[in-house]
Structure formats: C-alpha cells, structure tokens
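Examination of the molecular architecture
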Amino acid sequence: MSTAPSQSRREWLLSDRPQSRIQARLGRAYMTWLRFSSNRLAVLGLLIIIALVLIAIFADVLAPHDPVIGNLAGARLLPPGSPGYLLGTDDQGRDILSRLLHGSRLTLFVIVLVAIIAAPVGLLVGAVSGYVGGWVDAVLMRITDIFLAFPKLVLALAFVAALGPGIENAILAIAITSWPPYARIARAETLTVRNSDYIAAVRLMGASPFRIVLRHVMPMCMSSLIVRVTLDMAGIILTAAGLGFLGLGAQPPLPEWGAMIASGRRFILDQWWVATMPGIAILIVSLGFNLLGDGLRDALDPREAGQ
Amino acid sequence: MQMQIFSRHMRKLTTGAAIALALLAAHPAFAVTPADTLVEGFAIDDIITMDPGEAFELSTAEVTSNTYDLLVRLDLNDTSKIVGDLAESWTVSDDGLTYTFKLKQGLKFASGNPITAEDVAFSFERAVKLDKSPAFILTQFGLTGDNVTEKAKAADESTFVFTVDKPYAPSFVLNCLTATVASVVDKKLVLEHVAPVTPSDEYKYDNDFGNGWLKTGYAGSGAFKMREWRANEVVVLERNDNYHGEKAPLARVIYRHMKESSGQRLALEAGDIDVARNLEPGDLDAISKSAELATTAAPKGTVYYISLNQKNPNLAKPEVVEAFKYLVDYDAIGSTLIKGIGEIHQTFLPKGVLGELDEKPYTFDVAKAKELLAKAGLADGFTVTMDTRNTQPVTGIAESFQQTLGQAGVKLEIIPGDGKQTLTKYRARTHDMYIGQWGQDYFDPNSNSETFTINPDNSDEGKNKTLAWRNAWDVPKELSDMSKAALLEKDSAKRADMYKSLQKAVLEKGPFVIIFQQTEVAGYSAKLKGFKLGPSFDTNYVGTVSK
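The shown structure was predicted, so the numbers you read here are calculated from the model rather than taken from an experiment. (Residues numbered from 1 in each chain as written. Chains lettered and ligands numbered in written order. Predicted model: local features only at pLDDT ≥ 70, side-chain atom pairs only at ≥ 80, totals over all residues.)

Scanning chain A for helices and strands turns up 13 helices and zero strands. Taken from N to C terminus, the helices and strands of chain A fall in the order α-α-α-α-α-α-α-α-α-α-α-α-α. When its C-alpha atoms are laid out on the principal axes, chain A stretches across 75 × 60 × 30 Å. Going through the 307 residues of chain A one by one, you find that 40% of them count as buried. By sequence separation, contacts in chain A at least 24 residues apart represent 68% of the contacts at least 6 residues apart. (Helix = DSSP H or I, 4+ residues; strand = E, 2+ residues; numbered from the N terminus. Buried ≥ 20, exposed ≤ 12 C-beta atoms within 10 Å, placed from the backbone. Contact = placed C-beta atoms within 7 Å.)

So, in structure tokens, the structure goes:
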C-alpha cells in the first residue's frame, strides 16, 4: 500500500485529498459505513440478515432433525420445550425448529431470485424510458401503469393460478409483479441526469445511447434502487408466505414458512405453536430487512435522510 | 356552544354505554338455544336443491330423510335388514320380477292429503322422467321414461306394484328403495305447482313435475316439515303433526351453516348451537374433555383410498401394487390424523353393509416393500405423482404417505388442487396416483362392488366409468362375473359370501390401497337426549332428540 506511514488507516480513508481512485472510492464507502453504523437499528437489521444467511448455509448442520420426515406415531403436536424438540412438532410429527432452519433457504432463495429478476428489468425499463423519452417512454410507462393498477398479491395470485402452483412459479409471479416500482424510480433518476453536462460530454465524445444508458445513467440510479429493493424484501417475503399460505407457493413437504402457518392454522386453538413459530420467523426476517433498508437509505441517499 | 359540545360528549358516552351493554348481552354465558328447538352447526354449502328426485348431496340426504317417508327403510339395529316405513308388508313374486307393496292405512301427508299408492307411483315416475343425478338408482332396474308408468304403478288405493327387468337379489332391490330418490311426494300438492316446459330432445315432457317448486318447496310426510332453506345460511324444519310414527318431541330443528370446525366448536362451547357436525380431530378431542359437552360417532359408508393408475408402467407391476400396500403407516395414521373421524379399513365394503369383511392383512413394513420393489426391478426407486385435493384429512395422509414411500426410495410428488381439478384429471385417467374417497351411492354392497370390480371396456372410450376403469384396471373376468352374479343371488347369506371373496381378491390384487372408513362425528350439548348418528348420511334422524 502506498500510504504514508504517519497516517493511520482511518485518516487515510478520510483524507480529503485522496492520492488514487481506489483511495477515493474506499473513502466514500467508509463514510457510508460510518453513517450506516451510527444507526443502531440498522446494524441490528444487518445482523439479522447475516444470521439468516449463515443459518441458510449451515441448515444441515444446525437442524437437529430431518425437516421432511417426521415421527407421526410418536411425536405429533408436541409443545415447545419437549425433550429434543425445542420449538415443538407439527401435525406430521416433524421438528418445527428444523423446518424453520431449512425454510430459511427457501426464503432466501425467493428473495434473491426475485431481486435478480425484478431489479434489472425495472432498472432497464426505467432508464431506457427516461433517457429515450417520446413514444418509447409513453409505451413503457403505460405498461408499467397497467401492472401498478392491480394489487400485488392479487396479480401474483392470478399468475400462479395460470402457471400452476409451485415455488418456481411463485417466484416468477412475484418478480413479474414487483418490477414496475423499480422502473418508476429508475425513470425519475434518469430524468434528473439525462440533461446534465457530463452526459452531454460523453455524447459529444461519440458514445452510443446504449453505452450512455448502461455506463453513465444506470450507475446513478443504483443507490436509490438498492434502497428500494431492500425495503421491498419484507414485502416479497410476505407475498411469498401469502402464496404459500394459500397453497400456491412451495408444495409439501417443503418447509416454506407461509405453508407452515397454513397447516398450523387448524390447530390454532389448542396447539398454538404450530402456526406461531413460522409467524415469528417471518416477522423477524421482515423486520430485519426493513431496518436494513431504512439504514441503507439514510446512508446511501443523504438527500432523503432528513425527510 | 358549550351545551352543544357537552351534548356531543354525552351522546358519545351513551352510545358507548349502549355498545357495552349490547356486548354484555351477547356474552356467551347468556346465549342459550330455545327449549323446543334443536340448533345444529353444519356445513350445508353442498345443498343445491331440496327436490328428493334430484338431490344427491350429503346434507340434503339428512334433510330429506327427516322430512319425507319411504316405502321401506334400513333397520337401524341391523343394517343388513329392511323394515317397512309407509309399506305395511311386501311380497316378491316367484320369478323375482314383481314386488308388491301394501301400504299402511289412513296415513296423511303434512298437507293433510291422504297417502295412497298413486303418490308412490307418481314419485317414481317423476324421479325417472326428470332423470337427475340419483335417478340411476331406480333406472338400473330397467325403468325408463316410456315404461315407468307400467313398471311402477298403483294396483289400487293401497297397493303399489314394482316390476324389475331381471331377477335381482331382493335385498339389492329393497336396499335401493331406501335411497332418498325413492321418497314419496304428495302428488296432489306437487301437481298444483308444476311449471310448463317446452319439450326438447333431452327432455321430452311438457312440464317439470314440480321440480322448480320443490327446489325450495316441500311436499312430504316425514317426522318434520321443511319450512325454509336459504342457501349457505340455514335450513329450518318444523314438527309434522300428521306424521304416522312417533311424534317428534321438539317443535323445530335449525341447521345453521357453519363451515369451519373451530367456529363450530366455539359456538358449541358458548351454547349458541346444540350440535356441532363438522369437527376435526383436535376440536373433537377438546370437546370430549368438557363436562357439559358430549360426543358421538357412527361409521359411515365412505372409504378413503389411494389408487394406482395402471397406465403408468411402474404402477402396473403387481409387485409395486403390493409394495405400496405395505408403505402406508396405517397404525400411526389411525391414531393421529384420522383419530375419531375414521377407522383403519382395508376392504372395499364399509362396515355395516351386507357382506362386510373386516380383514387387515397389510401393516407398515418397509423391508418387505423394498424386497417387492427389488423383485419388480425397481430397487433404486422411481418418481411418481399423486393428485391430492387440498382438504384434510387427505393432504395429511398424502404427506405421511410421501414420507413412508421415501423410506423405500420412491419419490412422491404431490400435485394439489381443488376438488374439481383433481376429479377432472382422475376421470380423464391422466393421473399417476389419486387419493380420495368413495361413498356408497345407496346402501347395498353392489354400489361399491360394481365400482371396484367391473370394467367392461378398458379403452379410453369406455362408457362405464367405474373406479376400476378410472385406474385402467383390466379386472379379471372371473371377478366381474362374480360381481354380476352376486347381484342376482336370492339367498342373502350366499350373496354375502360372494362379496367376501370379491373383497379378498381386490385386497390382494386390486390397484387400490384402501386406508380407512370414515366415521361421522358430532359434538353436542350434554342437555340433549336421544341424539344419535345413523349408519349412513340418510339415517341421521333428528325425530328422537329431546331436551
């Protein structure tokens, strides 16, 4: 490293005269992190999400029982705290804790895939629409309006009903219904930068519209998009759980949290834990994503922080 | 201004107090059903019509059997026997073709009109001519719209003569006549309410035989009169003072539509209803522990089974069929998922029917199943799908079966759907496996025997769409022949033996894994006296209940 030995790492990062591009970038990231970490709740959210990821990775090691094979005859509907079953068992005699741990994989799977599908689509549509303008803008935005006109869950229900139940189709349906807000945000951001000097400069240098959108417009939309996607993740989890609850998401014996609540609903009067435990899991993870999203917005988007 | 504000506050206060009072009044502890009324919580959303000539639904069967009379009824003490209802006595001719019923004297409909053999003949005529879902129970005896007035006719005021086309077993004919489609309607009253119809190719008659009016109307003579039916809301029955049997102690019976088990349980505990009819095992368990409540149960003629479509090359192997019978955890399912609402049963005739066979040769045995699968050349297992209706207890059993199959290396994919989706696929024979129930159409062994063992044309165009056909099972000829012969066997004991050997054969070779027989349960207030469930859905009589 080319840092002067007299400087501490912190001073090097916070230097107002960066010596290199890398130093400048790292410095910016560090400032963002400082702003983020000063928000305790946001850090809590981050910890929850890190824990979720770790649990999903190590579910096989952590889970005390098999998540799909139960002991119907001997261990059905045991209350929490029963020996060997920390959170109790469900109506098939399966350990609820093990199912929750394995279910975290499905939850992450849904979130990641939806984010990977919906965010780029929204970004592309919004950036193109905002940059090109004219009838392209009109057509793309009216299509976006059509999707926005329907409640998200209802539209997702319709798609799943047409595609057939299953977790892959549920993901597809959620992705199809969640890109329009991203397109709107990306378009708004694009409109603010499309007439700025640096865009005019790259255009003068002969950059193609394709290159301008991809390299010079889209990066400007990223921060607000990331914030929005993170904040939406709680909603995605709830929609996935809602589809699972209605029997249109993950199919048995997959330990999807929403489906677990649905199967526990029948026992809510006498065996409350069957439906409650996955409900708590959904609550914690949604809360985690919301806190993280809030913190990210404050850190990435200082303009909105005070509002 | 001050005054106004004050009065506004006052108004809020008084409204608040009124609401609080109303809430207090509605407190469960004060809720009580009237002393002369029985209130039942019951899922009655299946009712389409109240016309006994058309209705073929479970809830309607109960209402019809309480509000209409039949020629003969099942003997509740021994359901393989028959007792007279409107009929005083009956004789069967030596050739087994003619049945002559003598009616009891001096009976009246609820309307006050006398009950005559004319009314019986008219009831048969309209059921056959309307040709709705339950009409086959009568038309299988050779009745058609053209000959019904000849084959089912009144010889005189009190003699009804019924002619069948083949010398059937008399027990079969009489059992079929206990079905609600043979209920006797008040001819005079119905004829006052017929609506004109333009004859067409499908329907050749110029009137609807009162079908439109009877949809919500009533023209019977049973222990109760049907006063009102509001779809998905309520059915109200009122005591019939002209009833020929013992008069009902209660003046009214109200069936309130309640869909959810937990809702029924809460209403029963609060005293809003006297009987809860659609309880799930958990709620039933809780009710049985309460001192003020009681439960009752009766086996019903419905069996739940998993069937293996023989079009699937893997499932067509006899070893696989046998292996699957060893891969259901009967004991665990019996003691948990269907506890109280069903009993493990492996033969196709439910308990209580003539010829029942109570044999359970199969137990959960993974080693044995693996051995059989290896013999079939499928030691490494295979993947197969099962269409499953998303209602309990079917889904629970499907999930349990998925786990136990997994232990033998067979991967089961559950394809969920609502009743219509799964049934449509099943009837089109495009499934691999199907889990569902089969309820008897009428209280006779032939109803199940026919569907499980007769398949005259195994092509996709087959007309006789029995369960054997739906699963593409080419039934061995000797089985079909025996099933047909049993229908004509006059000696009841011999007939029962034939059904027993048929059941043994299906138990061994048939592509049906029969799991349990349904038990109907009800939770009721301990204040009720004489509340009982019958052996079939049309023998749940409420005429004996008192408070």
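All names here are of chain B. Strand order across the open sheet formed by four strands is 4-5-7-6, with antiparallel pairing between neighbours. In this open sheet, the two strands that pair with only one neighbour each are strand 4 (87-92) and strand 6 (152-156). Adjacent strand axes in the sheet meet at a mean angle of 25 degrees, parallel and antiparallel pairs treated alike. As judged from the five bridges shared by strand 5 (residues 98-103) and strand 7 (residues 159-163), these two strands associate in the antiparallel manner. Paired with Thr-100 across the strands is Val-161, a residue of strand 7. This element, helix 3 (residues 117-130), spans strand 5, strand 6 and strand 7 of the sheet and lies at about 170 degrees to strand 6. (Pairing = 2+ DSSP bridges. Axes fitted to C-alpha atoms, helices over the stretch in contact; angles between N-to-C directions.)

Once that is clear, we can look at the interface of chain A and chain B. Across the boundary between the two partners, chain A contributes 17 residues, which contact 19 residues of chain B. For the side of chain A that touches chain B, a count of residues per class yields nine nonpolar, four polar and four charged. (Nonpolar A, V, L, I, M, F, W, Y, C, P; charged D, E, K, R; others polar.)

A separate point is the nonpolar core. In this structure, Leu71(B), Leu138(B), Val173(B), Tyr305(B), Ala323(B) and Ile515(B) are the most contacted members of the largest nonpolar core, which totals 149 residues. Among residues more than four places away in sequence, those in contact with Tyr305(B) are Trp438(B), Phe512(B), Val513(B), Ile514(B) and Ile515(B). Among the nonpolar cores identified, the runner-up in size contains 67 residues, and Leu123(A), Ala127(A), Val128(A) and Ala262(A) belong to it. (Core = buried A, V, L, I, M, F, W, Y, C linked by C-beta atoms within 7 Å.)

Turning our eyes to something else, we now look at the pairing of strand 17 (residues 512-525) of chain B. Residues and elements named next belong to chain B. With 13 of 14 residues buried, strand 17 lies mostly within the body of the structure. The sheet contact formed by strand 11 (residues 275-276) and strand 17 spans two bridges and is antiparallel. Directly across from Ala-276, in strand 17, lies its bridge partner Gly-523. For strand 12 (residues 293-308) and strand 17, the ladder comprises 12 bridges, and the chain directions are antiparallel. Note on strand 17: the bridge partner recorded for Ser-307 is Phe-512. Examined bridge by bridge, strand 13 (residues 342-344) and strand 17 share three bridges and lie antiparallel to one another. Counted as the bridge partner of Gly-342 is Gln-518 from strand 17.

Further remarks concern the confidence of the model for chain A. Summary statistics for chain A give a mean pLDDT of 87 and a share of 96% for residues scoring 70 or more. The secondary structure element of chain A with the lowest average pLDDT is helix 13 (residues 302-305) of chain A, at 52, and the one with the highest is helix 3 (residues 40-57) of chain A, at 94. (pLDDT = per-residue confidence, 0-100.)

Our next topic: the domain arrangement of chain B. All names here are of chain B. Each assigned domain of chain B is listed here: domain 1 (30-67 + 222-292 + 526-547), domain 2 (69-196) and domain 3 (300-519). When each unit is reduced to the centre of its C-alpha atoms, the spacing between domain 1 and domain 3 is 32 Å. Counting residues at the interface gives six residues for domain 1 and eight residues for domain 3. Taken together, the residues that form the side of domain 1 that touches domain 3 break down as four nonpolar, one polar and one charged. (Domains from an automatic or database assignment.)

Residue and element names in this part refer to chain A. At a minimum axis distance of 9 Å, the contact between helix 7 (residues 152-163) and helix 8 (residues 167-193) shows a crossing angle of 140 degrees. Classified by the interaxial angle, the pair formed by helix 7 and helix 8 is oblique. For the crossing formed where helix 7 meets helix 8, the hand is right-handed. Within the contact between the two elements, helix 7 uses Lys-152, Leu-155, Ala-156, Phe-159, Val-160 and Leu-163 and helix 8 uses Asn-169, Ala-170, Leu-172, Ala-173, Ile-174, Ile-176, Thr-177 and Ser-178. The class makeup of the residues in the contact of helix 7 with helix 8 is 10 nonpolar, three polar and one charged. (Parallel < 35°, antiparallel > 145°, perpendicular 65-115°, else oblique. Left-handed = near helix turned anticlockwise from the far one by under 90°.)

Residue and element names in this part refer to chain B. For Phe-209, which is not glycine, the phi torsion reads 50 degrees and is therefore positive. Its location among the elements puts Phe-209 in the loop between helix 7 (187-191) and helix 8 (211-214). On the basis of neighbour counts, which here come to 24 C-beta atoms within 10 Å, the residue Phe-209 falls in the buried class. The backbone of Ala-472 shows a phi angle near 55 degrees, a positive value even though the residue is not glycine. A count of 20 C-beta atoms within 10 Å places Ala-472 in the buried class.

Packed helix pairs are specified by the crossing angle of their axes together with the interaxial distance, meaning the distance between the axes. All names here are of chain A. Remark: helix 6 (residues 134-149) packs on helix 8, axes separated minimally by 9 Å, with the N-to-C direction vectors making an angle of 130 degrees. Between helix 6 and helix 8, the interaxial angle falls into the category oblique. Viewed along their axes, helix 6 and helix 8 form a crossing whose handedness is left-handed. When helix 6 is examined against helix 8, the residues Thr-144, Phe-147 and Leu-148 are found in contact with a partner set consisting of Thr-177, Pro-180, Ala-183 and Arg-184.

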